[in-house]
Amino acid sequence: MKFRPGPQTIPQKSPPTRAPELPGVGKLVANATRAVVRHARAMVAGGAIKVAGEEANRRLAICQACPAFRPADERCGKCGCHLRWKTWLRAERCPDARW
């Protein structure tokens, strides 16, 4: 008696997803300029610049679940920010108001 395998299921590859495009250079420069102003104001006011590690991790997890997240470079497709840095800064906000 010979063993004959039944039909095999071949896993289907999902189509590659494109990372969201970054904003143009003008918008990136404008966003960076506004961020510098926010942080300068926070420093003058004497407030804390960074959030606690738990808060930064919570923010980053929210970003990673967002459709605008770019996993290859860990940047936001809406504002273009580097999220490993942005999520640590108290004065920063999500452009979609997710955190």
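Residues numbered from 1 in each chain as written. Predicted model: local features only at pLDDT ≥ 70, side-chain atom pairs only at ≥ 80, totals over all residues. Heavy atoms only, no water.

This part covers the overall build of the protein chain. Within the protein chain, the regular secondary structure consists of three helices and two strands. Beginning at the N terminus, the succession of helices and strands in the protein chain can be written as α-α-β-β-α. Contacts in the protein chain between residues far apart in sequence, at least 24 positions, make up 60% of those at least 6 positions apart. (Helix = DSSP H or I, 4+ residues; strand = E, 2+ residues; numbered from the N terminus. Contact = heavy atoms within 4.5 Å.)

Quick look at the confidence of the model for the protein chain now. With 83% of its residues at a pLDDT of at least 70, the protein chain reaches an overall mean of 88. Element-level mean pLDDT values for the protein chain span from 92 in helix α1 (residues 25–45) up to 97 in helix α2 (residues 53–64). (pLDDT = per-residue confidence, 0-100.)

Mapped onto the fold, C81 is located in the loop between β2 (75–76) and α3 (83–86). Sequence spacing of C81 and C94 is 13 residues, and the spatial spacing of their C-alpha atoms is 9.8 Å. The contact partners of C81, leaving out residues within four places of it in the chain, are E74, R75, C76 and K86.

Turning our attention to the state of the cysteines. Throughout the structure, instances matching the rule amount to zero disulfides. You can see C63 has no disulfide; the closest cysteine sulfur is in C94, sitting 5.8 Å from it. C63 gets classed as buried once you look at its relative accessible area, which sits at 9%. In this structure C94 comes out as buried when scored by relative accessible area, which is 13%. (Disulfide = S-S within 2.5 Å. Buried < 20%, exposed > 50% of the residue type's maximum accessible area, 1.4 Å probe, protein only.)

Our next topic: the pattern of salt bridges. Pairing is possible between side chains that carry opposite charge, provided their charged atoms lie close to one another. Tallying each qualifying case throughout the model produces eight salt bridges. Here K78 makes a salt bridge to D96, at a shortest N to O gap of 3.8 Å. Pair noted here: K78 is in the loop between β2 and α3 and D96 is in the segment after α3, with a separation of 18 residues, a long-range link. For K78, a relative accessible area of 44% gives the class partly exposed. On the basis of relative accessibility, which here comes to 32%, the residue D96 falls in the partly exposed class. Residues E92 and K86 are paired through a salt bridge, measuring 3.9 Å at the closest nitrogen-oxygen approach. Across this residue pair, the class does not change: E92 and K86 are buried. The network of salt bridges with shared partners includes R38, K86 and E92. (Salt bridge = Lys/Arg side-chain N within 4 Å of Asp/Glu carboxyl O.)

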